[in-house]
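Examining the three-dimensional arrangement
So you can see what is in the structure, the chains are spelled out below.
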Amino acid sequence: MKYVLEAKNINKYFKKPKPFQVLKDISFGIKKGEFTSIMGKSGCGKSTLLYILSTMDTDYKGALYFNDTLITGQDKKFLSRFRNEHIGFVFQFHYLLAEFSVLENVMLPAKKLAQFSKDEIEVKAIEKLKMLGIEKLALKKASQISGGEKQRVAIARALINEPSIIMGDEPTGNLDSHNALNVFDIFKKLSLKEGLSLLIVTHDHDFAKKTDRIIEMSDGCIRNS
Amino acid sequence: MINWSVILSIAKTHLLSRFKQTVVAALGVTFGIGSYITLVCFMTGLNRMLDSLILNQTPHIHVFNEVEPSKKQPITYDKALVSGFNIIHSIKPKQNQLRITNALPLMQYLNKNPDILSVVPQVKTQVFYKSGATEISGLIIGIDPLKESRFSNLDDYILNGSSQSLLNSSNGILLGSGIAKKMVLQVGDRIQLITPGNELLSLKIVGLFQTGIAEIDDSRSYTKISKVQQILMQPKNYITDLNINLKDIQQASRIAQEIATQHHLNAVDINTANAQFETGTTIRNLITYAVSITLLIVAGFGIYNILNMLIYEKMNDIAILKATGFSGIDVQYIFMSQALIIGIVGGILGLLLGLGLTLLIDQTPFNTEALPTITTYPINNNPVFYLIGILFALFSTFLAGLLPSIKAKNIDPVSIIRGQ
Ligand SMILES: Nc1ncnc2c1ncn2[C@@H]1O[C@H](COP(=O)(O)OP(=O)(O)OP(=O)(O)O)[C@@H](O)[C@H]1O
Ligand SMILES: [Mg+2]
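Here goes a summary of the coordinates provided. (Residues numbered from 1 in each chain as written. Chains lettered and ligands numbered in written order. Predicted model: local features only at pLDDT ≥ 70, side-chain atom pairs only at ≥ 80, totals over all residues. Heavy atoms only, no water.)

**Considerations on the layout of surface pockets**
- Roughly 1,000 Å³ of internal volume is contained in the largest pocket.
- It is strand β2 (residues 116-131) of chain B that provides the largest number of residues to the lining of the largest pocket, a total of six residues.
- In the lining of the largest pocket, the residues fall into 21 nonpolar, 19 polar and six charged.
- Of the voids in this model, the second largest pocket is the one considered here, and its volume is about 530 Å³.
- Forming the walls of the second largest pocket are 28 residues, and the residues nearest its centre are A:Met56, A:Thr58, A:Lys76, B:Asp412 and B:Pro413.
- Contributions of two or more residues to the lining of the second largest pocket are made by β1 (3-14) and α2 (76-86) of chain A together with α14 (328-363), α15 (383-410) and α16 (413-419) of chain B.
- It is α2(A) that contributes the most residues to the lining of the second largest pocket, five residues altogether.
- Taken together, the residues of the lining of the second largest pocket break down into nine nonpolar, seven polar and twelve charged. (1 Å grid on protein atoms, 1.4 Å probe; cavity = no way out; pocket = protein on both sides within 12 Å on 5 of 7 lines; lining within 4 Å. Points joined across faces, edges and corners; volume = space filled by probe spheres on them. Helix = DSSP H or I, 4+ residues; strand = E, 2+ residues; numbered from the N terminus. Nonpolar A, V, L, I, M, F, W, Y, C, P; charged D, E, K, R; others polar.)

**Concerning the sheet that holds strand β4 (residues 61-66) of chain A**
All names here are of chain A.
- Spatial strand order, β2-β1-β4-β5: four strands in an open sheet with antiparallel pairing. In the strand order of this sheet, the two ends are held by β2 (20-31) and β5 (69-70), each with one partner.
- Inspection of the sheet shows β1 paired to β2 by eight bridges, in the antiparallel sense. Residue pairing across strands places Ile-10 opposite Ile-26, the latter belonging to β2.
- This element, helix α1 (residues 46-53), spans β1, β2 and β4 of the sheet and lies at about 60 degrees to β2. (Pairing = 2+ DSSP bridges. Contact = heavy atoms within 4.5 Å. Axes fitted to C-alpha atoms, helices over the stretch in contact; angles between N-to-C directions.)

**Some points on the site of ligand 1**
- The local shell around ligand 1 holds 15 residues, among which A:Ser42, A:Gly43, A:Lys46, A:Ser47 and A:Thr48 are the closest.
- At ligand 1, the nearby residues belong to more than one chain, namely chains A and B.
- Between ligand 1 and A:Ser47, the relevant distance is 2.6 Å, taken from an oxygen atom to a side-chain nitrogen or oxygen of the residue.
- For ligand 1, an oxygen atom lies 2.6 Å from a polar atom in the side chain of A:Thr48.
- Starting from 640 Å² of accessible surface for ligand 1 in isolation, the protein chains cover 69%.
- The leading source of residues in the shell around ligand 1 is α1(A), at three residues.
- Here the residues of the shell around ligand 1 sort into four nonpolar, seven polar and four charged. (Near = heavy atom within 4 Å. Polar contact = N/O pair within 3.5 Å; in protein donor to acceptor, adjacent residues only side chain to side chain. Areas by Shrake-Rupley, 256 points an atom, 1.4 Å probe, with all protein chains shown as cover.)

**Overview of empty space enclosed by the protein**
- Taken as a whole, this structure holds three cavities of 30 Å³ or more when the rule is applied.
- In this model, the largest cavity occupies a volume close to 100 Å³.
- Surrounding the largest cavity, A:Arg83, A:Asn84, A:Ile87, A:Gly88, A:Phe89, A:Pro109, A:Arg157, A:Ala158, A:Ile160, A:Asn161, B:Ala323 and B:Thr324 form its lining.
- Of all elements in the fold, only α2, β6 (87-90) and α5 (147-159) of chain A reach the threshold of two or more residues within the lining of the largest cavity.
- It is β6(A) that contributes the most residues to the lining of the largest cavity, three residues altogether.
- Considering only residue class, the lining of the largest cavity consists of six nonpolar, four polar and two charged.
- Taken together, B:His14, B:Leu15, B:Arg18, B:Gln21, B:Thr22, B:Ile306, B:Leu307, B:Leu310, B:Gln338 and B:Ile342 make up the full set of residues lining the second largest cavity.
- Here the element with the most residues in the lining of the second largest cavity is helix α12 (residues 275-313) of chain B; it accounts for three residues.
- For the lining of the second largest cavity, the class distribution of residues is five nonpolar, four polar and one charged.

**Some thoughts on the packing of helix α13 (residues 315-323) of chain B against α14(B)**
Residues and elements named next belong to chain B.
- One way to put it is that α13 packs onto α14 with a least axis distance of 9 Å and a crossing angle of 140 degrees. Between α13 and α14, the crossing angle belongs to the class labelled oblique. Our pair here, α13 against α14, has a crossing hand that is right-handed. Side by side, α13 and α14 meet where Ile-318, Leu-321 and Lys-322 of the first sit next to Gly-328, Val-331, Ile-334 and Phe-335 of the second.
- Its residues placed into classes, the contact of α13 with α14 shows five nonpolar, one polar and one charged. (Parallel < 35°, antiparallel > 145°, perpendicular 65-115°, else oblique. Left-handed = near helix turned anticlockwise from the far one by under 90°.)

**Concerning the nonpolar core**
- Ranked by size, the top nonpolar core spans 78 residues in total, and within it A:Leu5, A:Phe28, A:Leu53, A:Met167 and A:Leu199 carry the most contacts.
- The element best represented in this core is helix α2 (residues 19-55) of chain B, accounting for eight residues.
- When residues no more than four places from it in sequence are discounted, the contact partners of A:Leu199 are A:Leu5, A:Phe28, A:Ile30, A:Thr36, A:Ile38, A:Leu50, A:Leu53, A:Ile166, A:Met167 and A:Gly168. (Core = buried A, V, L, I, M, F, W, Y, C linked by side-chain atoms within 4.5 Å. Buried < 20%, exposed > 50% of the residue type's maximum accessible area, 1.4 Å probe, protein only.)

**Considerations on the interface of chain A and chain B**
- Contact with chain A, which involves 24 residues of that partner, is made by 27 residues of chain B.
- The largest per-residue losses of area from chain A upon contact with chain B belong to A:Tyr95, A:Glu99 and A:Lys112, which jointly make up 31% of the total buried on that side.
- Taken together, the links from chain A to chain B amount to three salt bridges.
- Across the salt bridge formed by B:Arg18 and A:Glu99, the nearest N and O atoms sit 2.9 Å from each other.
- Applying the counting criterion to the chain A and chain B interface returns ten residue pairs in polar contact (both at pLDDT 80 or more).
- Residue assignment for the side of chain A that touches chain B shows that the elements contributing at least two residues are α1, α2 and α3 (102-113) of chain A.
- Per element, the largest residue contribution to the side of chain A that touches chain B is five residues, and it comes from α3(A). (Buried area = accessible area lost by both parts, 1.4 Å probe. Salt bridge = Lys/Arg side-chain N within 4 Å of Asp/Glu carboxyl O.)

**Observations concerning the packing of aromatic side chains**
Residues and elements named next belong to chain A.
- Throughout the structure, instances matching the rule amount to 15 aromatic pairs over all chains.
- In this structure an aromatic cluster arises from ring pairing among Phe-35, Phe-184, Phe-187 and Phe-207.
- Taking NZ or CZ as reference, Lys-124 lies 4.3 Å from the ring centre of Phe-116, over its face. (Phe/Tyr/Trp six-rings, centres within 6.5 Å; stacked < 30°, edge-to-face > 60°. Lys NZ or Arg CZ within 6 Å of the ring centre and 35° of its normal.)

**Some points on helix α1 (residues 4-17) of chain B**
- Taking 1.5 Å of rise per residue, 14 residues should cover 20 Å, and α1(B) covers 20 Å from first to last C-alpha, within 8% of that figure.
- Considered for burial, the residues of α1(B) that qualify are B:Val6, B:Ile7, B:Ile10, B:Ala11, B:Thr13, B:His14 and B:Leu15. (Expected span 1.5 Å × (residues − 1).)

See below:
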């Protein structure tokens, strides 16, 4: 079976404050529609790995493939376009543009992609907000909503361009169990119905158990797969 | 592919959410450009006034005969001595006439030259103005009043009456205001002259003129050309000077040289005559531009600072934009367009400020003895200055925005996200 995302022998070093290898020879693949979670102790390198897989961090050894295309070594312009189109990213901490409305935050990546008209984008954005139960917040400033709400806006934003893979760094970390369950259900549905692949870092065992596969990390290595 | 509507809408949101800082930055540009416009319009207006003060007295080309030693001394005519090295002591100027030979045919000839606008004849001679026991030496110039008033600025300087009044009286004289003051004379009074032939002559003052240049006002007077010819006991074709005005002043030195070589006359063009004047103008312009550029640089630093601050505040936004697919160039353009929007808005307001101030100065009364025709401060509202102003506003804000925006372009989103 073909992989949507495949990492081959990823190694990452930090030179400062003292030379230190964060990621040690990481290799794995994620299939289309597969819902994968990553677990591991704090500081074992999960976020670092996710930054590399999301193409934002280019300073590593090894090779990264998307649908069998080599991504490693591509120039920055290609990578930002690629991220825009194919990867939805939900950060460990909610990251929104504070001065823009919730709706604008969700719409921005789609406006950048410019595949649809502004009106179409707005319809899609509202649809995503509805799915996450926050359509009432659409016109509020991003700085005026709660932490959990921000996290759901960030998920809506990650979904707006209908990417082939969503990466999340503890996307449900700030949510109550009801909303965490809701987000899980949405992810599950997307992976089943639309073949969306998901790679989610989580500390929540209940969440992880329900996913298709758990990648266990410790000290920069993958323990089982 | 750059999606300008998204970039501009982000830039707009950033600017509006920091409205006060944006206004301060734009006002910096406004004051810079406004004072540049005011300064440059006022200074060039002053320059033009000062220049015209002198230059209006000077024709584009002044043709005359000068007393000078012969270039070819008699000894060079002797073939036997040509090969030797001849030393002649105590050369004296040749006795030659001040008149321009064949002046009338020459005028006709010059008038046919398509580059030449006008040829105005004059006859000059030294006289003494006499009042009681005092005698003041001076220069009387015989003019053709019709031609002078058409082609020279003489009329601008006449305080009461006009050069035309010379036509109506056979014994009229236009007197420099300085002489009139010294001799306590007024229009309608008579003045006595001692001619070079040592005759006493009485003329009626039909007008006074004031050029603002004391040297001229204290010594010069004008009368009809025929009167001076009569004083000198010379015929109608006795002309000592020709004042030539050209269609294009840039041609002055070339045409002057042509006339000088063709007709064996002295022909001085305006640029040579006023070379030192150019230097003054250049230096005044230099000061104007130095001050304006300083003002704009100060405004530029203001923008630079504000954008730099903005970028530090916006680190998170930059990281998010990059993480969600905006490229470094997109981010750079977001910040560049903020700088340029500040530049355009500030610059246009600056032009309006400059326009307002110059109009105000233009209305301000300015009366001076020396310049009878000037009643308000001079302003040169040249559109070119406004064009330079707005271009400079854009250029300086572009430079001010460049470094901060390049910094934004190169920000590594991972280090920002991790730093949270
Ligand atoms: N810029 C950096 N320079 C040096 N060391 C770093 C840097 N960023 C992270 N580290 C180290 O790399 C290791 C992995 O960090 P990482 O953020 O990937 O952990 P994590 O698994 O995401 O932990 P958590 O579950 O707490 O989010 C940590 O030991 C951290 O101290
Ligand atoms: Mg982490």
